[in-house]
Amino acid sequence: MIKKEMNEFKKLLIKLKQKITEDVGHIAKDAHKSQKDASGDLSGYTFHMADVASDTFEREFSLGLASNEQELLYAIEDALKRIESREYGICVICEKKISKVRLKAVPYAKYCIECQTKEEKRKKR
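This section reports on the structure supplied with the text. (Residues numbered from 1 in each chain as written. Predicted model: local features only at pLDDT ≥ 70, side-chain atom pairs only at ≥ 80, totals over all residues. Heavy atoms only, no water.)

Here the focus is the overall build of the protein chain. Counting secondary structure elements, the protein chain contains five helices and zero strands. When contacts within the protein chain are restricted to residue pairs at least 6 apart in sequence, those whose partners lie at least 24 apart make up 58%. Counting only carbon and sulfur atoms, one obtains 55% of the accessible surface of the protein chain, whose full area is about 9,400 Å². (Helix = DSSP H or I, 4+ residues; strand = E, 2+ residues; numbered from the N terminus. Contact = heavy atoms within 4.5 Å. Areas by Shrake-Rupley, 256 points an atom, 1.4 Å probe, with all protein chains shown as cover.)

Moving on to the layout of surface pockets. Space inside the largest pocket adds up to approximately 260 Å³. Contributing elements (two or more residues each) for the lining of the largest pocket: helix H3 (49–84) and helix H5 (113–124). Residue contributions to the lining of the largest pocket peak at four residues, all from H5. Broken down by class, the residue content of the lining of the largest pocket amounts to five nonpolar, one polar and seven charged. (1 Å grid on protein atoms, 1.4 Å probe; cavity = no way out; pocket = protein on both sides within 12 Å on 5 of 7 lines; lining within 4 Å. Points joined across faces, edges and corners; volume = space filled by probe spheres on them. Nonpolar A, V, L, I, M, F, W, Y, C, P; charged D, E, K, R; others polar.)

Let us now look at the nonpolar core. Within the largest apolar cluster, 18 residues are counted, with the highest numbers of intra-cluster contacts made by Leu 13, Ile 83, Tyr 88, Cys 91 and Leu 103. Not counting the four nearest positions on each side in its chain, Leu 13 is found in contact with Ile 76, Ala 79, Leu 80, Ile 83, Tyr 88, Pro 107 and Tyr 108. (Core = buried A, V, L, I, M, F, W, Y, C linked by side-chain atoms within 4.5 Å. Buried < 20%, exposed > 50% of the residue type's maximum accessible area, 1.4 Å probe, protein only.)

A few words now on unusual backbone geometry. For residues other than glycine, phi is negative in most cases, and the peptide bonds are mostly trans. In the Ramachandran plot, Arg 86 falls in the positive-phi region, its phi being about 65 degrees despite a non-glycine side chain. Summarising the element assignment, Arg 86 is placed in the loop between H3 and helix H4 (100–105). Its identity is not glycine, yet Glu 95 carries a phi of approximately 65 degrees, on the positive side. If you trace the backbone, Glu 95 turns up in the loop between H3 and H4.

Taken together, the side chains of Phe 57, Phe 61 and Leu 65 present a nonpolar region at the surface, about 330 Å² in accessible area. If you trace the backbone, Phe 61 turns up in helix H3. (Patch = residues over 30% accessible without salt bridge, like charges linked within 9 Å, V, L, I, M, F, W, Y side chains within 5 Å. Salt bridge = Lys/Arg side-chain N within 4 Å of Asp/Glu carboxyl O.)

Take the pattern of salt bridges next. In this structure the tally under the stated criterion is six salt bridges. A salt bridge links Asp 78 to Arg 82; the nearest nitrogen and oxygen atoms lie 2.5 Å apart. Remark: Arg 82 and Asp 78 occur in helix H3; sequence separation between them is four residues, near one turn of the helix. The exposure class of Asp 78 is partly exposed, given its relative accessible area of 31%. When the shortest N-O distance is used, the salt bridge between Glu 119 and Arg 122 registers 2.9 Å. Here Glu 119 and its partner Arg 122 are both found in helix H5, three residues apart, which amounts to about one turn of the helix. Classification of Arg 122 by relative accessible area gives partly exposed; the value is 46%.

Attention now moves to the state of the cysteines. Linking two cysteines covalently through their sulfur atoms gives a disulfide. Across all of its chains, the model carries zero disulfides by this definition. Cys 91 provides the cysteine sulfur closest to Cys 94, a residue in no disulfide bond, and the two sulfurs are 3.7 Å apart. Between Cys 112, a cysteine without a disulfide, and Cys 115, which holds the nearest cysteine sulfur, the sulfur-to-sulfur distance is 3.6 Å. Owing to a relative accessible area of 6%, Cys 112 belongs among the buried residues under this scheme. (Disulfide = S-S within 2.5 Å.)

These results come straight from atomic positions and should not be treated as a statement about function.
The structure is reproduced here in structure tokens:
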């Protein structure tokens, strides 16, 4: 891959990283609000059990999203390291080139399509 293409993918990855970092910040901020804080209710009245359960579910869901986003950030960081070491665009399993079409769709991809398919099948077992 030529240097110009590597720089384009690097810019794309950095932009994606910034967006996800902002998203994780918003998710974490919202997840730490209590039901009272979120509703703006400052009274001492207790909430109905369904409200508490709903709040708990929303928090767990938000934290799950944040966890998924964090995994994505790790993949992006890994891709940026591969760019620096000039290994970007090469499958880490078979060492064949990853298609540019795939990298444009999933710029943090570390496997070619064939190896990705094998990995997904292996994980399902």
